Every structure is written in C-alpha cells, then in structure tokens.
Amino acid sequence: MTHHDDEGKRGSSAATPAPNDSNYSNYSDYDDDDGGGVRDGSSWGQTHPFTLIVQALPLLFMYPLKASFTWSLILFILSKTTTFIDGTFWQRLGILTTSIVASRLATRIVAPLTAILFKWLVIGRYKPGTYRMWSTYHLRWWIVNQALRCAGRGIFAVSPVLTTLYARMLGARIGRGVHIDRQACLGEYDLLTIDDGVRIDKTLVRGFCVEQNGYFRLAPIHIGKNVTLNTFTQISPGTGIQDDTVLGPHASSHDDPSPPLFANYNRTFTPEPSLLVKLVFTWPILVMGKIISLLPWFACLYLIISGTGVTYLERSTSLEKTIWWFANPQRVGYHLVARVVRSLSSPLLQVAFGILVKRIIEACCCCSDPTTSRYLSSSLLSQASLRRLFDIMGSHYEAPSIVYRMLGAKVGKRVYWPGTGIHCPDPGLLDIGDDVIFGSRAELFTSDHLGSGKIVIEQGAMIADRVVLLPDTYIGQGTVMGSGSLGRRGGRYPAGSTWMGNDHGEAICLRDKKPDSSQDEGSSLTPFGRAFYERQASYFVLPSLLLIPINVLMVSFTTVYWAIPAILAAQFIRLARLYVPVVLPLFTSSSDGWWSSFALLYCLNTVSFVVVLSMQAVLALLWVVVTKWVVIGRRRPGPYPWDTSSYCQRWQLHLTLSRLLYHGFGNGGVLGTITGTAYIVYFLRALGCKIG
C-alpha cells in the first residue's frame, strides 16, 4: 500500500493533480464529480462475520482452484494417451513431460484470463473517489486484487508486448511503444492512462492509496508521452506526469524531475539480441541449460515410470488406470523423491551451467557482442536463480561470495549477503572488500544504456536496503549507504561518511568523515565476521557444515509438504471410485462426454485440494508461530551484536524455518491470501504484536 498526503507540496514536482490538468479531459467517463467525494461511507467492520467470510475466500478457494485445475489437466491428458501405461519407457517419459508442460501452460493462460473476467464481473470499471475501509466497495476491490495476485500474469509476463496486452485487458489506456518491466507493480489498471513511448522500470504505479480515519482513495493517473520511470519510483494516485519527464531511481511523483540523462538507467533500455540470434544461438543454449538442470529429475522419473506394477479393476478405463497408476504407494514415494531431488539439484546445475557458459563465452571469440553474452548471463544467472541456490547453500554466508567470484567479481572475506540477493547485470565489474554488509534488494548497476563501469566497495562499508549504485561508483572504507540511497554515476563517497535517500539525483550526506590513517587492516572486522568466521563469540555459532544440512532439510520438508495435496487428491478419487457410486460417470468408457468427465474430475480434485490446502495453510501459520516462540521467544528492545548475543543466529534460524509459509499458495505464499484482513492481525498478535 502507498500512503498519500493531500497536503504534500506539488508546486515544483513532476506531477500535477489530474483534475486540474488540461490533458485530463478524457477522464469525464469516470463519473467522478470532484475526485474527492466520499462514495461509500458505510462499513461492515473488520471483524464482521460477512467481512470474515468474504476475506476467507482467497485462502479457501482461489489457489486451490488453480492448483486443482493444473493437476486435473495432467491426469486428463495422460488418460487420453493409453501408451503412457503400456508403451516403452521413452514413450512414457515423453507423454508424462508433455502432459506436465501442457497443463502448466494451459494454467498460465486460463488463470490470468479468468482473473481478468472476475475483475470485470465483480467491480467493473473502478470509480475514483474516497471509500470506507471494510465497506462493500472495499471488499470488492480487495477480492479482485486477490484474484489477480493469485492468478499471476502467466504467459503475459513473458514479453513486454504481452504485459502491455494484459494491462489493456484490465482497462488501462496504453499508447504505442510503451515498455513495462516485468517487475513493475501496476494496479487499478483502468485508472491508468499511459501515453506513447513511456518506459516503466521496477516502479509502483497504482491509482490507490490509504487515507486517514479509515478511508482509502482511488484516483486516476496520467503518464505523459516519453516519460521514463526508473527503479524504486512511486507514482501517487490523482497525479499526472508531464511529457518527457524522467523520475528516479528512488523518486516519486512528488519530487522534481530527474535530469534527462537519468533515462539511461532504465532497465527497459537494455538491448537484447535480434530475433535471429535468439533463435539460432541464445534460446537453444537456454533450453539446453534447462534440460541439464532437470537431468536428476528425469532420472527419478525413471523410477516412477518403470518398475512399479499396478493392479487395475476389471474393465478399467484409461482415466481409471491413470489415477490408479498415480495412487500406487510405491510410486507416491518415488514422486516425492523426484520433487525433492528437483528442488535441490536444479538450482545448483542451472547456476553451474550458467557459469560454464559465461566462462566459455569470455574465453572464446564466438560471441564478441556484449549484448548477447549479457542476455545469456541475465537469463541463466538471474537473481531468482541465484536466490534458489543460496536458499540451499546459505544466503548470508560464504556461498554467495564463492559464486560471485566464479562470475568474475572480486569479493573479500566475511561479506554478509542479503537473503534476497543483489541485482547486478555484470558481476565481473564488482570489487567488494572485506566485511562489507549488504541489505535486502540492493541494486548494483555495473552497466546501463551509456556503458559499463566498475563499482568498488571498500572494506567495512554498508550497502543497506534498496540502495541503488550506478556504474563507476566508489564507496570508501566504512562508508554507510543508508536505506534507499542513490549513488550517482561516477560518484565518490569518502571513507567513514554516511548517506541516505535521494535528493535531486544523489543521496544526502548525513556525516562527512575523513579517512582515519591510523586504522589498521583488521579494523573493519564486524561482530558478524568475528562470530561466524573467527569463531570468537560468547555462544556456540552454527558452522556452515551444519547450516547447509539444515537448509537442505527445510527445502526438502517444504517440497514434500506442498506436494501432499496432489497425492491425497489421487487417493481421494480412488476411494470415491470404490465407495461412492455417484462418481461412476467419471470412469465410463464413453468418449462422447469427455467435457463432463473432466468437469467431474476437476470437481473431485477441487474438493480434496480445498480441504487439504486449507488445513496446510493453518498448520503452516501455526508452525511459524510455535517455532518463533521456541527459537526466539519474546523480543526485547536493545542491541544484539552477533559476537555477544545469540539473537541474530536464532532470528536467522527462524527465518529458515518460516520458509514453509512462503513456498505454498503461489505468489505471496499463505500470507498473501490474508493480507489486509483480520486474519493477518490475529497471526501477528500470535507472534507477539500489540495491535489495536
């Protein structure tokens, strides 16, 4: 959520209030008398039974319906291919993988389209105005957002063209030549007007904000022609961005425009290889990398497909054979093993293949075009791919340092890495000293539209949350780049200084301290480095050799835990076939009613998925609460250095145990389904929060 202050000064900002701009004559069809009137002053209340029922629907039904659809398609496609049961191993393997790919592709098409239809049926076109929280309109707005979140963009996230089409289908007015980064966060689409030539990086553009006294407001946003919105930029509702404006990185629609040169920092300007180069060179390499990363999984499929016999009922149909085949206990065990092996081996093999490809390209002259090599590296070694590997090897410790060194970066000792990883298009241009500390979501642009340049971070420096550093930047020893800092291109930040935020294109200096010539080489040693690497702590610090098995066990447990619904669904249908006569039409051999057969199969799977996933969600929430009190206990205000207090280690351990909560239920995990409800308040209170 964004918070908007109506009393903020806008006189010199890049944004102008939409109602007062002559360019906003096209907003008349919104039927908004003044843009600020209260349209719905009644409220059900957060804990009213009607509110609680409505806000339980996403957890109970939305993701279970989506997951059940995918699983039902896999079973149904397999049932239509009888060679799966009786053919050779390679026939079975090809049909099984084809069924999985086809069902997931179908889900990525059907789910977002269904969510778009749901939006138009439930709320129609958003109406600008001010509404009470927990009013009927708020609940309609909330559940539409839940549907869009759960469904995801699917195939519409594959390319900028499809992303633009997705926004238009939701009502956005988008001109020609608009490029929207896949990490951009857009919302309330039919309140958005985006003119020709706009570039939107990882930016928040929503026609929604929270007001005081229990209200929220919807208002249109108009982004003029050739506007460039850079990373970590937020656009407030009810404003318009003038033509040719550049904002960010780290800006908002309340700020003055950034210099035109800053448009070169926008990720959407990053060049890509031509279609011909992609077809004959880059895409085949990417496909090869995907296949190699799945080789251990394919090996486990051999155990699933061969060597386990099944006893069928007399006159069994193909669908019945498929369900019986999946419900076999031995095959269920192999299925779980395959899921675990894929979760553990695929991230390692993909990163290893990416590093190998990068080394070959750098060593040979087969690809002298930096655009092609950068495209391959960003695809094979994306931040998401690296994060999956670091979740296994340890996100904060030595494993990321080893990987970045293999990618060409110079990395010192005892570096503390963030759990989210860092964004860096060319790690080979990084020079990181000893004892550097990174915060979450830091972005280090070693390359932009102007070219490339090294980023040097001296020992003992801190790069805090959401810091953006641009090419050719130097961070001195012990320098602190505070949360949300923006380092200018070619910036020099002296040793011992402290910086924060962004003011006219550069962070604000809060403390300018000259380097201390008396500092020795070991003076940068942090409490974390002293405890974890030097083993100089007042308590037992878990070593890497113990942390890696803990991570492996947690990844394995999480994988098995969220694989249970599909397994139980097959068992449920098998038992229903034996003891519930009403489901017999599902197993008829007639080919005329395959739509009705799929519908009945989907309904049966959905019943199982709804029950099982709902129970799993509650158990996952309880797991996080219980482990918090066991591992951490009640938090007390005060400093907790790594070398004198075990709190930081216990906190990191609990974060690892809490992954169960974030790897189920698709985008946002379990908490995503209850965000903005009384249920998340109950959950936070159980964790110890004091909430009114």
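Residues numbered from 1 in each chain as written. Predicted model: local features only at pLDDT ≥ 70, side-chain atom pairs only at ≥ 80, totals over all residues. Heavy atoms only, no water.

Asks: Requested: an account of the overall build of the protein chain, with residues and values cited.
Replies: On a plain count of helices and strands, the protein chain comes out with 19 helices and 32 strands. Considering the protein chain as a whole, with its 692 residues, one finds that 53% of them fall into the buried category. Put simply, 58% of the contacts in the protein chain that link residues at least 6 apart link residues at least 24 apart. Taken as a whole, the protein chain presents about 30900 Å² of accessible surface, with 62% of it coming from carbon and sulfur. (Helix = DSSP H or I, 4+ residues; strand = E, 2+ residues; numbered from the N terminus. Buried < 20%, exposed > 50% of the residue type's maximum accessible area, 1.4 Å probe, protein only. Contact = heavy atoms within 4.5 Å. Areas by Shrake-Rupley, 256 points an atom, 1.4 Å probe, with all protein chains shown as cover.)

Asks: An account of the environment of Leu486 is needed here, citing residue identities and associated values.
Replies: Following the sequence through the fold, Leu486 ends up in strand 29 (residues 486-487). Note: C-alpha distance between Leu486 and Arg466 (20 residues apart in sequence) is 8.9 Å. Once residues lying within four places of it in the same chain are set aside, the contact partners of Leu486 are Pro249, His250, Phe262, Val468, Leu470, Tyr493, Gly501, Asn502, Gly505, Glu506 and Ala507.

Asks: Give me the lowdown on the pattern of salt bridges, citing residues and values where you can.
Replies: Under the definition given, this model contains 18 salt bridges. Its salt-bridge partner being Arg206, residue Glu188 comes within 2.8 Å of it at the nearest N-O pair. On the criterion of sequence distance, the pair formed by Glu188 in the loop between strand 6 (185-187) and strand 7 (192-194) and Arg206 in strand 9 (residues 203-206) is long-range, its members being 18 residues apart. Considered together, Glu188 and Arg206 belong to a single accessibility category, that of buried residues. One salt bridge in this structure joins Arg267 and Glu443, with 3.4 Å as the shortest N-O distance. Taken together, the residues Arg267 in the loop between strand 17 (251-252) and helix 7 (275-293) and Glu443 in strand 21 (residues 443-444) connect sequence positions 176 residues apart. Take Arg267: its relative accessible area is 11%, and that puts it in the buried class. (Salt bridge = Lys/Arg side-chain N within 4 Å of Asp/Glu carboxyl O.)

Asks: Please provide a residue-by-residue account of the confidence of the model for the protein chain, values included.
Replies: Averaged over all residues, the pLDDT of the protein chain is 87; the fraction at 70 or higher stands at 88%. Contacts for the low-pLDDT stretch residues 19-36, under 50 throughout, to residues beyond four places or in other chains number 32 contacts. (pLDDT = per-residue confidence, 0-100.)

Asks: How would you summarise the sheet that holds strand 21 if you had to cite specific residues and measurements?
Replies: Across the sheet, 3 strands lie side by side as 21-26-29; this open sheet has parallel pairing. The sheet is open, and its two edges are formed by strand 21 and strand 29, each paired on a single side. Strand direction decides the pairing type here: strand 21 and strand 26 (residues 468-469), joined by 2 bridges, are parallel. Counterpart to Glu443 in the pairing with strand 26 is Val468. (Pairing = 2+ DSSP bridges.)

Asks: Quick one: what's the story with the sheet that holds strand 13 (residues 228-229), residue by residue and with numbers?
Replies: Ordered by their spatial adjacency, 4 strands build an open sheet running 5-8-13-16, and the pairing between neighbours is parallel. The sheet terminates laterally at strand 5 (179-180) and strand 16 (246-247), the two strands that pair on one side only. The pairing of strand 13 with strand 16 spans 2 bridges and is classified as parallel. Its bridge partner being in strand 16, Thr228 is matched across the sheet by Val246.

Asks: Any chance you could break down empty space enclosed by the protein for me, citing the residues and the numbers?
Replies: Counted by the stated rule, this structure contains 1 cavity of 30 Å³ or more. For the largest cavity, the calculated volume is near 70 Å³. Residue lining of the largest cavity: Trp71, Phe326, Arg331, Val332, His335, Ala566, Ile567 and Ala570, and that is the complete set. When the residues that make up the lining of the largest cavity are grouped by side-chain class, the tally is 6 nonpolar, 1 polar and 1 charged. (1 Å grid on protein atoms, 1.4 Å probe; cavity = no way out; pocket = protein on both sides within 12 Å on 5 of 7 lines; lining within 4 Å. Points joined across faces, edges and corners; volume = space filled by probe spheres on them. Nonpolar A, V, L, I, M, F, W, Y, C, P; charged D, E, K, R; others polar.)

Asks: Tell me about the pairing of strand 11 (residues 215-218), residues and numbers included.
Replies: On a regular strand, each side chain points to the face opposite its neighbour's, so the side chains alternate between the two faces of the sheet. Where strand 3 (residues 129-132) meets strand 11, 4 bridges bridge the pair, whose relative direction is antiparallel. Residue pairing for strand 11: Gly129 is matched across the bridge by Leu218. Sheet topology places strand 10 (residues 208-210) next to strand 11; 3 bridges connect them, and they run antiparallel. When the sheet's bridge partners are listed, Phe208 is paired in strand 11 with Leu218. Once strand 10 ends, the chain turns through 4 residues before running back antiparallel as strand 11, passing Asn213 with a positive phi of about 60 degrees.

Asks: Can you break down helix 4 (residues 89-122) residue by residue, with the values?
Replies: Taking 1.5 Å of rise per residue, 34 residues should cover 50 Å, and helix 4 covers 48 Å from first to last C-alpha, within 8% of that figure. At the C-terminal side of helix 4, Gly124 shows a positive phi close to 65 degrees. (Expected span 1.5 Å × (residues − 1).)

Asks: Report on the packing of aromatic side chains, specifying residues and quantitative values.
Replies: Enumeration over the complete set of coordinates arrives at 33 aromatic pairs. Considering the side-chain rings of Tyr640 and Tyr647, the 4.8 Å spacing of their centres and the 40 degrees angle between planes classify their relative orientation as tilted. The structure contains a cluster of three or more aromatic residues connected by ring pairs, namely Tyr63, Phe557, Tyr561, Trp562, Trp623 and Phe665. If you follow Lys119 out to its NZ or CZ, it ends over the ring of Trp120, 3.5 Å from the centre. Taking the ring centre of Tyr215 as reference, the NZ or CZ of Arg132 above it sits at 5.4 Å. (Phe/Tyr/Trp six-rings, centres within 6.5 Å; stacked < 30°, edge-to-face > 60°. Lys NZ or Arg CZ within 6 Å of the ring centre and 35° of its normal.)

Asks: Any details on the packing of helix 8 (residues 295-305) against helix 10 (residues 329-363)? Residues and values, ideally.
Replies: Viewed as axis vectors pointing N to C, helix 8 and helix 10 meet at an angle of 175 degrees, and their least axial separation amounts to 8 Å. Compared by their axis directions, helix 8 and helix 10 come out roughly antiparallel. Mapping the contact onto sequence places Pro296, Trp297, Cys300, Leu303, Ile304 and Ile305 in helix 8 and Arg331, Tyr334, His335, Val337, Ala338, Val341, Arg342, Ser345 and Leu349 in helix 10. Considered class by class, the residues forming the contact of helix 8 with helix 10 number 11 nonpolar, 2 polar and 2 charged. (Axes fitted to C-alpha atoms, helices over the stretch in contact; angles between N-to-C directions. Parallel < 35°, antiparallel > 145°, perpendicular 65-115°, else oblique.)

Asks: So, the nonpolar core: which residues are in play, and what are the values?
Replies: Nonpolar side chains in soluble globular proteins tend to be buried together. Ranked by size, the top nonpolar core spans 116 residues in total, and within it Leu218 and Ile223 carry the most contacts. Not counting residues within four places of it along the chain, the set of residues in contact with Leu218 comprises Tyr126, Lys127, Pro128, Gly129, Tyr131, Tyr137, Trp141, Glu188, Leu191, Gly207 and Phe208. Core analysis: the second largest hydrophobic core is formed by 41 residues, Leu386, Phe390, Val415 and Val467 among them. (Core = buried A, V, L, I, M, F, W, Y, C linked by side-chain atoms within 4.5 Å.)

Asks: Explain a positive patch on the surface to me, and be specific about the residues and the numbers.
Replies: A cluster of like positive charges, contributed by Arg104, Arg108, Lys290, Arg339 and Arg388, occupies part of the molecular surface. Position of Lys290 relative to the elements: it lies in helix 7. For Lys290, a relative accessible area of 44% corresponds to the partly exposed category. (Patch = residues over 30% accessible without salt bridge, like charges linked within 9 Å, V, L, I, M, F, W, Y side chains within 5 Å. Lys, Arg positive; Asp, Glu negative; His and termini not counted. Charge placed at Lys NZ, Arg CZ, Asp CG, Glu CD.)

Asks: Please provide a residue-by-residue account of the side chain of Gln652, values included.
Replies: Positionally, Gln652 belongs in helix 17 (residues 647-657). Gln652 sits in the buried class, given a relative accessible area of 6%. Filtering out sequence-adjacent residues up to four positions away, Gln652 remains in contact with His396, Tyr397, Tyr416 and Trp642.

Asks: Any chance you could break down the environment of Tyr166 for me, citing the residues and the numbers?
Replies: Note on placement: Tyr166 falls in helix 6 (residues 160-169). Residue Tyr166 is classed as buried on the basis of its relative accessible area of 3%. Apart from residues lying up to four places away in sequence, Tyr166 is in contact with Pro112, Ile116, Leu148, Gly152, Arg153, Phe156 and Tyr189.

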